[in-house]
Amino acid sequence: MTTQKLRLPRFMRSSHGPNLSMQMMGVGLAITLMFVFIALFSPLLISWGWLTDPTEFLSHPIHDAPSWDHWFGTNRLGYDVFSRTLMGSRVAWQVVILATALSMAIGVPLGLVSGYLGGKLDRTLLFLMDTIYTLPGLLLSITLAFVVGRGIFNAAIALSIAYVPQYYRVVRNHTVSVKTELFIEAAQAMGASTWRVLSRYLFLNVIQSVPVLFTLNAADAILILGGLGFLGLGLPEQVPEWGNDLRQALDALPTGIWWTAFFPGCTMTLMVVGLSLLGEGLNEFVNPKMRQE
């Protein structure tokens, strides 16, 4: 009797055996989907009474250790740490998706127009984007958070500005290299308008790296959002957010109350690791030369 071995898809194999990066991408995808599942179904669990309301406080014991009643314990205000940790993933997704979507909505069109038209417009936008890119992302987000105030949409605005230059530079550089191809010259010779060339011929050819950048920026945005919350500049106090919960847990750490910082911190780290692994795997999948190596 012969046995058949499980064969991986071709893009996940190399001459030296299974591709480790693709396996890591699978791990990252599983972690990311888990957090998506948590973000989608946590409100349902609260409405069914299976999960404690994360905004309900002072009705639970203060600094209660992890138990069957409170799996992750409670914090100094009596909040249930387990429910706030789960709902924190929902808030993180809301802010991160809004921030990266705003960045793409601004950076991708500007990169297309700048790379295709060139000239003074290209040089001006390059100078502007390079200036923004040189500023530290956290410092820029903190400055904008002071201006726009606290809230989910305001936090997304504060985060998004730092990522616009990245989308702009990637799309602009691809546009500059693709616009000299024969099919673009043929479209121009047939009288295609600038809008038609950008939307029909260039757009789909220059956005291959955008999903990779999206996942990596999402991982970075979670850390910056946590930093804003830790400084008290992110979301309102009653909104479950990991950075704010870590800030409140600092005073209790010297007294041996570890659970109020441990669980939110580990959850945020796990989500960042999952998105980072997914982004690195997507980068290799999108780039055939790296995959061949």
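Residues numbered from 1 in each chain as written. Predicted model: local features only at pLDDT ≥ 70, side-chain atom pairs only at ≥ 80, totals over all residues. Heavy atoms only, no water.

Draft legend 1. Region of interest: helix 1 (residues 20-47). If you check helix 1, its first and last C-alpha atoms are 41 Å apart, about what 28 residues at 1.5 Å a residue would give, namely 40 Å. Turning to helix 1, its buried residues are M22, M25, G28, I31, T32, F35, I38, A39 and S42. Among the residues trailing helix 1, G49 stands out with phi positive, at a value near 85°. (Helix = DSSP H or I, 4+ residues; strand = E, 2+ residues; numbered from the N terminus. Expected span 1.5 Å × (residues − 1). Buried < 20%, exposed > 50% of the residue type's maximum accessible area, 1.4 Å probe, protein only.)

Draft legend 2. Broad picture of empty space enclosed by the protein. Tallied over the entire structure, the rule returns one cavity of 30 Å³ or more. Here the largest cavity defines a volume of roughly 90 Å³. Around the largest cavity sit H63, N75, R76, V81, R84, D245, Q248, A249, A252, T260 and P264, which together line it. Among the elements that take part in the lining of the largest cavity, helix 10 (residues 242-249) stands out by supplying three residues, more than any other. Grouping the amino acids of the lining of the largest cavity by side-chain chemistry returns four nonpolar, four polar and three charged. (1 Å grid on protein atoms, 1.4 Å probe; cavity = no way out; pocket = protein on both sides within 12 Å on 5 of 7 lines; lining within 4 Å. Points joined across faces, edges and corners; volume = space filled by probe spheres on them. Nonpolar A, V, L, I, M, F, W, Y, C, P; charged D, E, K, R; others polar.)

Draft legend 3. A look at the side chain of R172. Within the element layout of this structure, R172 appears in helix 6 (residues 164-178). For R172, a relative accessible area of 16% corresponds to the buried category. Beyond its immediate sequence surroundings of up to four residues, R172 is in contact with G111, S114, G115, D122 and L126. (Contact = heavy atoms within 4.5 Å.)

Draft legend 4. Layout of the nonpolar core. L112, L159, L202, I222, W242, M271 and L275 are the most contacted members of the largest nonpolar core, which totals 48 residues. Setting aside residues up to four positions removed in sequence, L202 forms contacts with L112, Y116, T175, V178, K179, I184 and V197. Among the nonpolar cores identified, the runner-up in size contains 10 residues, and I38, V81, A252 and W259 belong to it. (Core = buried A, V, L, I, M, F, W, Y, C linked by side-chain atoms within 4.5 Å.)

Draft legend 5. Local environment of the packing of helix 6 against helix 9 (residues 210-230). Running from N to C, helix 6 and helix 9 cross one another at 160°; their axes reach a closest spacing of 11 Å. As far as their axial angle goes, helix 9 and helix 6 are roughly antiparallel. The handedness of the crossing between helix 6 and helix 9 comes out as right-handed. Across from Q166, Y167, V170 and V171 in helix 6, the residues of helix 9 making contact are V210, L213, F214 and N217. Among the residues making up the contact of helix 6 with helix 9, the classes are represented as six nonpolar, two polar and no charged. (Axes fitted to C-alpha atoms, helices over the stretch in contact; angles between N-to-C directions. Parallel < 35°, antiparallel > 145°, perpendicular 65-115°, else oblique. Left-handed = near helix turned anticlockwise from the far one by under 90°.)

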